Amino acid sequence: MKIPELLLDSMLSCTTMPCTNELTRLKAVYQFQGLDTTPNQALDDLTALAADLCQTPMALVSFIGADRQLVKSKVGITLIEIRRDLAFCNHTIRQSDVFVIPDTLADSHFATHPFVINAPNIRFYAGVPLVTAGGCVLGALCVMDSEPRDLNQKQRKGLQTLSHQVVAQLELKRNTTKLRQMIPEIKQLKQQLVTQELLGQQDSILFNLANQIRNSLDLDTILQTAVNEIQTLLQVDRCDFVWCLPNKDRLNFMVTHEATNPEIRMALGELSLGHGSVLAETILNLDMLKIEDVSATSEALTPEDRALLRQLAVTSVLLLPLRTHSGQLGAIICHHCRGSRQWTDSEVRLLKAVTDQVAIALDQAELLAQTQATAFAAQTQATYLGNALSQLQQTQMQLVQQEKMSSLGQLVAGVAHEINNPVNFINGNITYATNYVQDLLELLHLYEATYPNGTTAIQEKMEAMDLDFLKQDLPSLLSSMRMGGERIRQIVLSLRNFSRLDEAEMKPVDIHEGIENTLLILKSRLKLTSAKFEIQVIKAYENLPVVDCYAGQLNQVFMNLLGNAIDALDQTPNPIITIDTELISRQKSSSSHLSHADSVVIRIRDNGSGMTETTQQKLFNPFFTTKPVGKGTGLGLSISYQIVVEKHGGILKCSSELGKGSEFWIQIPVEPVVKST
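Residues numbered from 1 in each chain as written. Predicted model: local features only at pLDDT ≥ 70, side-chain atom pairs only at ≥ 80, totals over all residues. Heavy atoms only, no water.

Within the protein chain, the regular secondary structure consists of 18 helices and 19 strands. Buried residues in the protein chain amount to 42% of all 677 residues. The long-range share in the protein chain, meaning contacts at least 24 apart out of those at least 6 apart in sequence, stands at 65%. Surface exposure of the protein chain reaches about 37000 Å², of which carbon and sulfur atoms provide 54%. (Helix = DSSP H or I, 4+ residues; strand = E, 2+ residues; numbered from the N terminus. Buried < 20%, exposed > 50% of the residue type's maximum accessible area, 1.4 Å probe, protein only. Contact = heavy atoms within 4.5 Å. Areas by Shrake-Rupley, 256 points an atom, 1.4 Å probe, with all protein chains shown as cover.)

Okay, structure coming up:
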């Protein structure tokens, strides 16, 4: 139930509390608490968003009254009212920042608190005060958990932002309630006008005018309707609406809306009202001005006033000012241009009623504009928070993916380095071993020539070791060892080229080398699919120039696309992956020199099951995947798109048809794209 303002002031003035600021705060709390108690979905959404942001099972929005904590919105908790001396939020409202208790049992102030040792067993609490635009603390937005924890900086900042949105929602609710409270007053005035219908036709017209004004909350429509109806209502030659507009150190009086007889000159635009003008002072002082005959009262007007009225051919004037709740001044001026006119009390009363109606309508329009602006700001902020949360999740997943690739690169580089040292040792020693063996064989040949008849023991040993075969096979054995060492060296080199951890900047790179290194890494997956088929790789390489690019990142793209192609062929009979490269030239040269090249294109095609049009449209969206749960994050193609398009200024696209496989098109500029500033 809403407490009347006078009663509220009386209650607060009788309290024995010594703090004046607390009295002001309590008045604000009771004003907001007096709002109707219907569910507020926007407030519930913000409370749920706070719990989701901080990853807690409990959250609530509450007001702190004189002796109670009043819950307005909650998640994961059933309490609706708490004694103030037991409320954690009672401590929060004294803070200027986020108030956090990481572990209540470790805090002597809260270790024996009833809500800690009993249900809801609060072990973690974080709250932020709800502060109005006027600086009054209404209560708190808080999150809680039954397990100790802490908040990171982003969660703290997000909790503060959500508290602002909660206050914005409360202000919106309050403004909307004020607007609703004005409706009965307007209806009451309407009823009063209806009861005056017997006073004459003019009152009936005034009632119709009020209806027309209230049917629109557009300022331009309100004012134009008012001057049109008044001009018809009072049968005057001209009816103007004048705004008083501040302009540096002076005021401008501007006719913005007007209704006139066809033969009367229009007065739209600025009015020349000098210092001390009676017309201007009447508006500023909110007085009424009634001149029945301008020529008979010219001595009461300033020369500027007389000149202006003479210019507009005015012979009689009736002026009633108005002021809106925002403090802006205006006036309705009726002009008679055909001799003197006696303005009756009934006409003055009717014009005053119309002026009041216009002022109310203007206030409504201003309040509606403020309410719409507040609602739009709240909606915009909520949208921003949703987008920020989505972007945060995407960034986190990307960081995880990049960390995995970085770890893989570091592992590959480390393994390659460790293998490279013994391989170099073996390769270096094989050459000497070959020379030594050759020398020993030559020495043995000389011994055989010099001593053809050896001893019995020597002959038996030669037959046992099959010396002739040894002399033929030993060089072949050493040659095979040399070839094996060279093969290991090539594998190590490919692993190091694939990782490219030392190439954080753009460098000239052989695209074919990157593809071959990637195929080498994936060689084991190419040998046998789940359907017991070996994947055949067909390569059609064109002569390409070196390309300035981020080699490690481009290898990651090749790894993602070739890995996806292998996955797509897992159940395909006779699986084939085709890799084509070609050069797209900006201009053709008679010598076909590569310096005129614009970009290179790599096409990776498979003969798998293909994709639907709907799948292709979502292919590069973050977190979209067609793989089973646990086998794909949905970030491979998204990251590949960023590497090709954003990092290299290139093109990454896909064409696919169900039953006919898929093809990915990678186009990379040969030279870096220079972005215009």
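Once you've had a look at it, read on.
Take a nonpolar patch on the surface next. A cluster of nonpolar side chains, namely L440, L443, L446, Y447 and Y451, defines an oily patch on the protein surface of about 580 Å² accessible area. Turning to its location among the elements, L446 is positioned in helix α11 (residues 345-450). Here L446 falls in the exposed class, since its relative accessible area comes to 53%. (Patch = residues over 30% accessible without salt bridge, like charges linked within 9 Å, V, L, I, M, F, W, Y side chains within 5 Å. Salt bridge = Lys/Arg side-chain N within 4 Å of Asp/Glu carboxyl O.)

Our next topic: the pattern of salt bridges. In the structure shown here, the tally under the stated rule is 19 salt bridges. The shortest N-O distance in the salt bridge between E22 and R84 comes to 3.0 Å. Of the two residues, E22 is situated in helix α2 (residues 20-33) and R84 in the loop between β3 (81-83) and α4 (89-92); the sequence distance between them amounts to 62 residues. Residue R84 is classed as buried on the basis of its relative accessible area, which comes to 14%.

A few words now on the pairing of strand β6 (residues 137-145). Counting buried residues in β6 gives nine out of nine residues, a clear majority hidden from the surface. Where strand β5 (residues 124-131) lies against β6, eight bridges are found, and the strand directions are antiparallel. By the bridge assignment, A126 is partnered in β6 with V143. Counted between consecutive antiparallel strands, the loop separating β5 from β6 contains five residues, among which G135 sits at a positive phi close to 90°. (Pairing = 2+ DSSP bridges.)

The next subject is the sheet that holds β5. Across the sheet, which stays open at both edges, the six strands sit in the order β3-β2-β1-β6-β5-β4 with antiparallel pairing between neighbours. On the outer flanks of this sheet lie β3 and β4 (99-101), each paired with one strand and no other. Strand-to-strand twist in this sheet, taken as the mean axis angle between neighbours without regard to direction, amounts to 25°. The strands that helix α3 (residues 41-54) touches are β1 (58-64), β2 (68-75) and β6; relative to β2, the one it contacts most, it runs at about 75°. (Axes fitted to C-alpha atoms, helices over the stretch in contact; angles between N-to-C directions.)

What follows covers the nonpolar core. Counting residues in each nonpolar core, the largest one holds 39 residues, and the members touching the most others are I511, L561, I577, V600, I602, F664 and I666. Looking at this core, the elements that each hand over two or more residues are α14 (511-521), β15 (547-549), α16 (551-568), β16 (576-585), β17 (597-606), α18 (636-647), β18 (651-656) and β19 (662-669). Broken down by element, the residue count for this core peaks at nine residues, all from α16. Setting aside anything within four residues of it in sequence, one finds F664 in contact with L561, I602, R603, I604, L619, F620, L637, L652, K653 and C654. (Core = buried A, V, L, I, M, F, W, Y, C linked by side-chain atoms within 4.5 Å.)

For helix α8 (residues 219-233), built from 15 residues, the straight-helix expectation of 21 Å at 1.5 Å per residue is met to within 8% by its first-to-last C-alpha distance of 21 Å. For α8, the full list of buried residues reads I222, L223, T225, A226, V227, E229, I230, Q231 and L233. Within two residues after α8, Q235 carries a phi angle of roughly 55°, on the positive side. (Expected span 1.5 Å × (residues − 1).)

This part takes up the pairing of strand β11 (residues 316-323). Each regular strand shows side chains that alternate between the opposite faces of the sheet. β11 sits mainly inside the fold: seven of its eight residues count as buried. Across three bridges, strand β10 (residues 289-291) lies against β11 in antiparallel orientation. Bridge pairing in β11 links K290 to L318. Taken together, the eight bridges between β11 and strand β12 (residues 329-336) define a ladder with antiparallel strand orientation.

Another point: the packing of aromatic side chains. One pass over the full model with this rule turns up four aromatic pairs. Between F88 and F110 the ring centres are 5.1 Å apart and the planes differ by 20°, which places this aromatic pair in the stacked class. Of this pair, F88 sits in the loop between β3 and α4 while F110 is found in the loop between β4 and α5 (114-117), placing the two residues 22 residues apart along the sequence. In terms of burial, F88 and F110 fall into one category: buried. An aromatic cluster is defined as three or more aromatic residues linked by ring pairs; in this entry it consists of F88, F99, F110 and Y125. (Phe/Tyr/Trp six-rings, centres within 6.5 Å; stacked < 30°, edge-to-face > 60°.)

Here we come to unusual backbone geometry. Following A119, the chain continues to P120 via a peptide bond in cis, the omega torsion being 10°. Looking at the element boundaries, P120 is found in the loop between α5 and β5. Positive phi values are uncommon outside glycine, yet A313 reaches one of about 60°. For A313, the position within the fold is in the loop between α10 (303-311) and β11. Of note in the backbone geometry, N574 takes a positive phi value of approximately 50° without being a glycine. Mapped onto the elements, N574 comes out in the loop between α16 and β16. Classification of N574 by relative accessible area gives exposed; the value is 55%.

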